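# Observations on chain architecture
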2 protein chains.
Amino acid sequence: MTAYDDLMAHERQTRALGQIAGRLAWDQETVMPDGAAPQRAEESEALEHVLHARRTDPRVGNWLDEIDETALDEVGRANLRHIRRRFERTSRVPVKLAGEIARVTSSAQRVWAEARAASDFTAFAPVLAKVVALKRDEAAALADGGDTYDALLDDYEPGATGAELQAMFDALRPRLVALRDRVMGAAHQPAPLKGTFDEKAQMKLARALARSFGYDMRHGRLDKAVHPFSSGSGLDVRITTRTNPDDPFNCTYSTIHETGHACYEQNIDPDYLLTPLGEGVSMGVHESQSRLYENQIGRSRAFTGWLFDRYRAAFGDLSAPDAEAFWGAANRVHPGFIRTESDEIQYNLHIMLRFDLERRMIAGDLAMDDLEEAWNSRFAADFGVEVDNPANGVLQDVHWSVGLFGYFPTYALGNVYAGCLMQALARATPDLEARLVRGEVASVTAWLAANVQRPGGLHEPKDLIERACGTPPSEAPLLDYLDAKFAEVYRL
Amino acid sequence: MTAYDDLMAHERQTRALGQIAGRLAWDQETVMPDGAAPQRAEESEALEHVLHARRTDPRVGNWLDEIDETALDEVGRANLRHIRRRFERTSRVPVKLAGEIARVTSSAQRVWAEARAASDFTAFAPVLAKVVALKRDEAAALADGGDTYDALLDDYEPGATGAELQAMFDALRPRLVALRDRVMGAAHQPAPLKGTFDEKAQMKLARALARSFGYDMRHGRLDKAVHPFSSGSGLDVRITTRTNPDDPFNCTYSTIHETGHACYEQNIDPDYLLTPLGEGVSMGVHESQSRLYENQIGRSRAFTGWLFDRYRAAFGDLSAPDAEAFWGAANRVHPGFIRTESDEIQYNLHIMLRFDLERRMIAGDLAMDDLEEAWNSRFAADFGVEVDNPANGVLQDVHWSVGLFGYFPTYALGNVYAGCLMQALARATPDLEARLVRGEVASVTAWLAANVQRPGGLHEPKDLIERACGTPPSEAPLLDYLDAKFAEVYRL
């Protein structure tokens, strides 16, 4: 065995244990008995402790030093790049701090769920304050004198920086606000879908949709949870969704979104199973898949025409009289509190709000006592509406409760990447629209699988997008797509 | 921190990880996608590797050497006894072997399930041969020159030996066979319950029954699986059951049985959470709880009278015209292939068959090529019926596939202990029958919780039974109970 083989054998076991941690998180959100929470917190902490010890094992450092990189092929070099980055990051965080973060976030997530149900931010604030304090400690350890927010961000989007994202948001913001204002003031306003929609029928349709996009149920499953998510890699990639009797689009588009994440994981080269290349390369690229499936495809005129018939088969007559009205309903730009229910134009404004608040929290410039008010005033300024209760405001997302700071901006980055990829996909598939009209989305997955999904972690995120598109990523395709689409939907 | 504190902190994390392993096993049997099996095998192996390393950590040996036992209280000494026994056992098994057992049994269980579904022993034999070979290696390592079967048995029933169990079976056998023959030849033969029983209604009743016996759903859940089981300790104790439209007793009594296991785990002193005392002390004692709930209580004339009304409410009119006939149906002694569907008299004969075969397998005296034939001829001799297909014979139980050798006899030991405990319980609860007639089984759980369940692993198994009963365990109460009960049921 060479040092490289030893390192990879060690890494493989670590990743197998990491998969177990993911499965535990899935369990906690879907099937775990409520009263098990305190014990689960200890279990998660124990596993996190093991993972941390393995990731910071001095032997990893020795192997990394010993390996002759020039003797490795492209895959070997990519593996090494991932392992080295992880090792250097993880070694900086003390074992005790890593364990405490695991323990506190495990309880915090449950406290958050209860606080959200009761719409009571004060019930959540103390534990969130603990999470923020721990994440600031972690960020300081990781940054080693550099920017603390960038240090956290790097975990989700290697190579990205807060400054770069700020520049991206600065470029997006004026055109998005202008488009939103034109759309809101338009004479033609699509009507929302009204009615009560059987929740079992929603789930049945969700399963059918996931399958039609290529999600493989032999290596996955779809369940209900408070927050839709996708978890796991390789041969066990599970997704969750939620249902709302008044809003079937919530279930449908959450499902299509998570299907995008899950297809990415399922379509990675099976040779990379349980190696650093066997997972999606970054959250931004991950989100580009889910958002492209959800929006560019799922909310397209062509696909919603097909979906309209599925909806009538599932729910009977709809308030939307025809496919055109249904398409409008699926693309309504509307005032609303909830990020995940937002439209494509305002979605990125929701992200900017979170990005700014969490950067301030991590910088220590925003006290917990001021967070709810900061959220509400910023929301009113950006969206022109007063937040009515914290469940619709600062309590709406699970992310901060589980310690995900630096994660939100990757959603916006995913939108930008999705814009780029859609342009390339459309160019490569001249009959795409004809296919979507028939609900044939397999060719979308086929192109994405070949150009984005299959390589897993082989390339760096930006490089991967550039290889797929032929040009470096930019905001322009997304903004052009939104301008064109909403001019049509709103008859501007 | 003293050496004892260090040891207990280490132990607590190990037990938290052990709970995760249990949760993974639950996941595999209930919700895991089929195609995930190969990856899960690697995950389980990785976790087993971690557990083994922790259990054989040389620091444990050092702490054990350092601790001044005389300074400890009863709880401390009991903790130490468990940890020392575990440490000495586990240290004897090479890491590689332990990992391989975990990996092979994980796949073997799936192969077994498929082979059973296809009723094809040849599909299972090669992988079972591997399991047996690995378990023989393990037994040899554990026995260190002593009896290999005893070495495996000790994992499930500390202190028990094959010879002692053989003596117990020798005492049970003649009286059980004589009773069976009298019953089979009786003029009065209770009719079985006939009809088709809605499976959803079976599960609904199963949930209600589990609750009525005191199973706490806030710290557990009930799902369907191929093989009914209980898993987990402390705050997360989950049970499974199965349904058969033709045989609602299967679901009902599997559920009551697993509820007995689960109540035991849930009622252990919460101070013992994630310590060696926080789990049932042995499989025999565990089984005494499940069998007492299932048989002595669940199949009693008093309780079945109450259950009869619940059945009519759940399923409508029954083929049994009255509670007396229903009681007879629940206690029919009938030729049958399946251990878990067997009656109280013949159940122990099923165990004796497995006990003998597995002792020979572990001794190397029974080749895999001869196993199916050995099972079938022994079955014909003991039960007077030819096994019609391997799903009804050698493939019926999951145990061997997951490496459980030495586990079966603890079922019979549990029956013997249940006989002792029932005698004591009846003596302590003069109005027991009046309570059971009203379905009030809470007092049963209360007595068992106080006398058997709450102490967890504080006492040695036999000692625990003796403390609860006031006399050392013996076969006599079980045999007397069976003679008396079946004389009534069969009007002998």
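These numbers were taken from a predicted model, which means no experiment stands behind them.

## Some points on the overall build of chain A
- When helices and strands are counted, chain A shows 20 helices and 3 strands.
- Taken against the 2.2 N^0.38 rule, which gives 23 Å for 492 residues, the C-alpha radius of gyration of chain A at 22 Å falls within 12% of a compact globule.
- Principal axes of the C-alpha set define a box for chain A whose edges measure 65 × 50 × 45 Å.
- Each of the 492 residues in chain A was classed as buried or not, and the buried ones make up 60%.
- Nonlocal contacts in chain A, meaning residues at least 24 apart in sequence, comprise 75% of its contacts between residues at least 6 apart.
- Surface accessibility of chain A: about 18,400 Å² in total, with carbon and sulfur atoms responsible for 50%.
- Of the charged side chains in chain A, 54 are positive and 74 negative, and the gap between their average positions amounts to 4 Å.

## Re the UniProt feature "active site" (unreviewed entry) in chain A
Residue and element names in this part refer to chain A.
- Taking the numbering used here, the UniProt-annotated feature "active site" (unreviewed entry) corresponds to Glu-258.
- Structurally, Glu-258 is set in helix α10 (residues 248–267).
- Residue Glu-258 is classed as buried on the basis of its relative accessible area of 7%.
- With residues near it in sequence (within four places) discarded, Glu-258 still touches Pro-228, Phe-229, Ser-230, Ile-239 and Thr-240.

## Focus: the relation of the copies chain A and chain B
- For the pair chain A and chain B, the relating rotation is 180°, the translation along its axis is 0.0 Å, and the fit reaches an RMSD of 0.0 Å. What the superposition gives is, in effect, a two-fold axis relating one chain to the other.
- Looking at the interface residues of chain A, 100% of them are also at the interface in chain B, so both copies use one shared face.

## Some words on the pairing of strand β3 (residues 238–241) of chain B
Residue and element names in this part refer to chain B.
- Taking every second residue as pointing to the same face, both faces of β3 are buried, with Arg-238 and Thr-240 on one and Ile-239 and Thr-241 on the other.
- Bridging between strand β1 (residues 222–224) and β3 involves 3 bridges; their strand directions are parallel. Bridge pairing in β3 links Leu-222 to Ile-239.
- Here strand β2 (residues 230–231) runs beside β3; their pairing, made up of 2 bridges, is antiparallel.

## So, the packing of aromatic side chains
Residues and elements named next belong to chain A.
- For the coordinates displayed, the defined rule picks out 46 aromatic pairs over all chains.
- Taken together, the ring pairs connect Tyr-156, Tyr-347, Trp-375, Trp-400, Phe-405, Tyr-407, Phe-408 and Tyr-411 into an aromatic cluster.
- In this structure, Arg-291 is placed above the aromatic ring of Tyr-347, and the distance from its NZ or CZ to the ring centre is 3.7 Å.

## Here we look at the side chain of Glu-344 of chain A
Residues and elements named next belong to chain A.
- Secondary-structure assignment places Glu-344 in the loop between α13 (323–330) and α14 (347–363).
- You can call Glu-344 buried: its relative accessible area is 7%.
- A distance of 2.7 Å separates the side chain of Glu-344 from the side chain of Tyr-481, its partner in a polar contact.
- In terms of polar contacts, Glu-344 uses its side chain to reach the side chain of Lys-485, at 2.5 Å.
- If near-sequence neighbours (up to four positions away) are discounted, Glu-344 is found in contact with Asn-295, Arg-299, Asn-331, Tyr-481, Leu-482, Lys-485 and Phe-486.

## Structural notes on the side chain of His-52 of chain B
All names here are of chain B.
- Counting through the fold element by element, His-52 comes out in helix α2 (residues 37–55).
- A relative accessible area of 5% places His-52 in the buried class.
- Excluding its chain neighbours within four sequence positions, the residues that come into contact with His-52 are Thr-90, Val-93, Pro-94, Val-95 and Ala-98.

## Focus on the interface of chain A and chain B
- With 37 residues of chain A at the contact, the number on the chain B side is 37 residues.
- Here chain A packs against chain B, burying approximately 3,000 Å² in sum over the two surfaces, 57% of which is carbon and sulfur.
- Here chain A and chain B share 8 salt bridges between them.
- Its salt-bridge partner being Arg-40 of chain A, residue Asp-236 of chain B comes within 3.7 Å of it at the nearest N-O pair.
- Where the side of chain A that touches chain B is concerned, the elements lending two or more residues are α1 (3–30) and α2 (37–55) of chain A.
- Ranked by the residues each element gives to the side of chain A that touches chain B, the list is headed by α1 of chain A, at 10 residues.
- Of the residues contributing to the side of chain A that touches chain B, the split by class is 17 nonpolar, 9 polar and 11 charged.

## Notes on helix α13 (residues 323–330) of chain B
- Phe-326, Trp-327, Gly-328, Ala-329 and Ala-330 of chain B are the residues of α13 of chain B that are buried.
- Structurally, α13 of chain B contributes buried residues whose contacts are with α10 (248–267), α12 (301–315) and α20 (476–489) of chain B.

## Overview of the domain arrangement of chain A
Residue and element names in this part refer to chain A.
- Each domain of chain A was delimited in the assignment, giving domain 1 (3–153) and domain 2 (162–489).
- The C-alpha-based centres of domain 1 and domain 2 are spaced at 26 Å.
- Between domain 1 and domain 2, the residue contacts involve 42 residues of the former and 53 residues of the latter.
- By the criterion of area lost to domain 2, the three top residues of domain 1 are Trp-26, Phe-121 and Tyr-149, representing 19% of everything that side buries.
- Across the domain 1-domain 2 interface, the total number found is 4 salt bridges.
- Here Arg-23 ties to Asp-236 by a salt bridge, and the two come within 3.3 Å at their closest N and O atoms.
- Counting across the domain 1 and domain 2 interface gives 17 residue pairs in polar contact (both at pLDDT 80 or more).

Cut-offs and rules
- Residues numbered from 1 in each chain as written.
- Chains lettered and ligands numbered in written order.
- Predicted model: local features only at pLDDT ≥ 70, side-chain atom pairs only at ≥ 80, totals over all residues.
- Heavy atoms only, no water.
- Helix = DSSP H or I, 4+ residues; strand = E, 2+ residues; numbered from the N terminus.
- Rg over C-alpha atoms; globule rule 2.2 N^0.38 Å.
- Buried < 20%, exposed > 50% of the residue type's maximum accessible area, 1.4 Å probe, protein only.
- Contact = heavy atoms within 4.5 Å.
- Areas by Shrake-Rupley, 256 points an atom, 1.4 Å probe, with all protein chains shown as cover.
- Lys, Arg positive; Asp, Glu negative; His and termini not counted.
- Charge placed at Lys NZ, Arg CZ, Asp CG, Glu CD.
- UniProt positions renumbered as here; feature names shortened; annotations may be inferred.
- Least-squares fit on C-alpha atoms with pLDDT ≥ 70 in both.
- Pairing = 2+ DSSP bridges.
- Phe/Tyr/Trp six-rings, centres within 6.5 Å; stacked < 30°, edge-to-face > 60°.
- Lys NZ or Arg CZ within 6 Å of the ring centre and 35° of its normal.
- Polar contact = N/O pair within 3.5 Å; in protein donor to acceptor, adjacent residues only side chain to side chain.
- Buried area = accessible area lost by both parts, 1.4 Å probe.
- Salt bridge = Lys/Arg side-chain N within 4 Å of Asp/Glu carboxyl O.
- Nonpolar A, V, L, I, M, F, W, Y, C, P; charged D, E, K, R; others polar.
- Domains from an automatic or database assignment.

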